[in-house]
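Topology and contacts: notes
Residues per chain, in single letters:
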Amino acid sequence: MELTSDNKLKNIIVVGDRVLIKPVKEPQKTSSGIYLPPGVHEKEKVQSGYIVKAGPGYPIPHAVEEEEWKPEDEKIKYIPLQAKEGDLAIFLQKGAFEVQYNQEKYFIVPQSSILMLEREEDLFD
């Protein structure tokens, strides 16, 4: 299978309450025109990026006395995450894990490290 921009992250499964974030490219110079050395923005405590994959959520433990007649797949349930694919996330660098995949930098971030989300759709109708 050939990797394209559409399917390069297709086989990645994010587990639990974590999201995969592609960091936003920060400007290389300040508003006054001073060029910044590489790595300056990476040391900041707060980062931003777009969520490209999200995990299923927080697992809910099942009761000890489960009914035997229930199918096995009904026993695992999750509380879904508030973060969704495509959201712009502002997150704490301290809780994030940096990973390289296909020569691109991503962050794996637990939902508890996300401070704010920006979503394109209207939240209040």
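Note that this is a predicted model, so its numbers are computed, not measured. (Residues numbered from 1 in each chain as written. Predicted model: local features only at pLDDT ≥ 70, side-chain atom pairs only at ≥ 80, totals over all residues. Heavy atoms only, no water.)

The subject of this paragraph is the pairing of strand β1 (residues 18-23). Where β1 and strand β7 (residues 104-110) come together, four bridges link them in antiparallel fashion. Across the sheet, residue Leu 20 finds its bridge partner in β7, namely Ile 108. Direction of pairing for β1 relative to strand β2 (residues 46-54): antiparallel, over a ladder of five bridges. Looking at the pairing, Ile 21 lines up with Ile 51 of β2. (Pairing = 2+ DSSP bridges. Helix = DSSP H or I, 4+ residues; strand = E, 2+ residues; numbered from the N terminus.)

A few words now on the pattern of salt bridges. Counted according to the given criterion, the structure contains three salt bridges. When the shortest N-O distance is used, the salt bridge between Lys 22 and Glu 104 registers 2.8 Å. With a gap of 82 residues between them, Lys 22 in strand β1 and Glu 104 in strand β7 connect regions that are remote in the sequence. Given the relative accessible area of 22%, Glu 104 is considered partly exposed. Between Asp 87 and Arg 119 there is a salt bridge, and its shortest N-O distance comes to 2.7 Å. Note that Asp 87 is positioned in the loop between β4 (77-79) and β5 (88-92) and Arg 119 in the segment after β8 (114-118), a separation of 32 residues in sequence. Residue classification places Arg 119 among the partly exposed positions, given a relative accessible area of 23%. (Salt bridge = Lys/Arg side-chain N within 4 Å of Asp/Glu carboxyl O. Buried < 20%, exposed > 50% of the residue type's maximum accessible area, 1.4 Å probe, protein only.)

On to the environment of Leu 92. Position of Leu 92 among the secondary structure elements: in strand β5. Along the chain, Leu 92 and Ser 48 lie 44 residues apart, while their C-alpha atoms are 8.7 Å from each other. Excluding anything up to four places from it in sequence, Leu 92 contacts Lys 45, Val 46, Ser 113 and Leu 115. (Contact = heavy atoms within 4.5 Å.)

A word on the packing of aromatic side chains. Under the defined criterion, the tally for this structure stands at one aromatic pair. Positioned above the aromatic ring of Tyr 106, the side-chain terminus of Lys 22 is 5.3 Å from the ring centre. (Phe/Tyr/Trp six-rings, centres within 6.5 Å; stacked < 30°, edge-to-face > 60°. Lys NZ or Arg CZ within 6 Å of the ring centre and 35° of its normal.)

Before going further, it helps to spend a moment on a nonpolar patch on the surface. Together, Val 46, Leu 92, Leu 115 and Met 116 line one region of the surface with nonpolar side chains, adding up to about 350 Å² of accessible area. Note on placement: Val 46 falls in strand β2. Among the residues examined, Val 46 registers a relative accessible area of 37% and is labelled partly exposed. (Patch = residues over 30% accessible without salt bridge, like charges linked within 9 Å, V, L, I, M, F, W, Y side chains within 5 Å. Areas by Shrake-Rupley, 256 points an atom, 1.4 Å probe, with all protein chains shown as cover.)

With that settled, consider the sheet that holds β5. Strands sit in the order β6-β7-β1-β2-β5-β8 across an open sheet of six strands; the sheet is antiparallel. This sheet does not close on itself; its edge strands, each paired only once, are β6 (97-101) and β8. Averaged over neighbouring strand pairs, the angle between their axes works out to 40° when direction is ignored. (Axes fitted to C-alpha atoms, helices over the stretch in contact; angles between N-to-C directions.)

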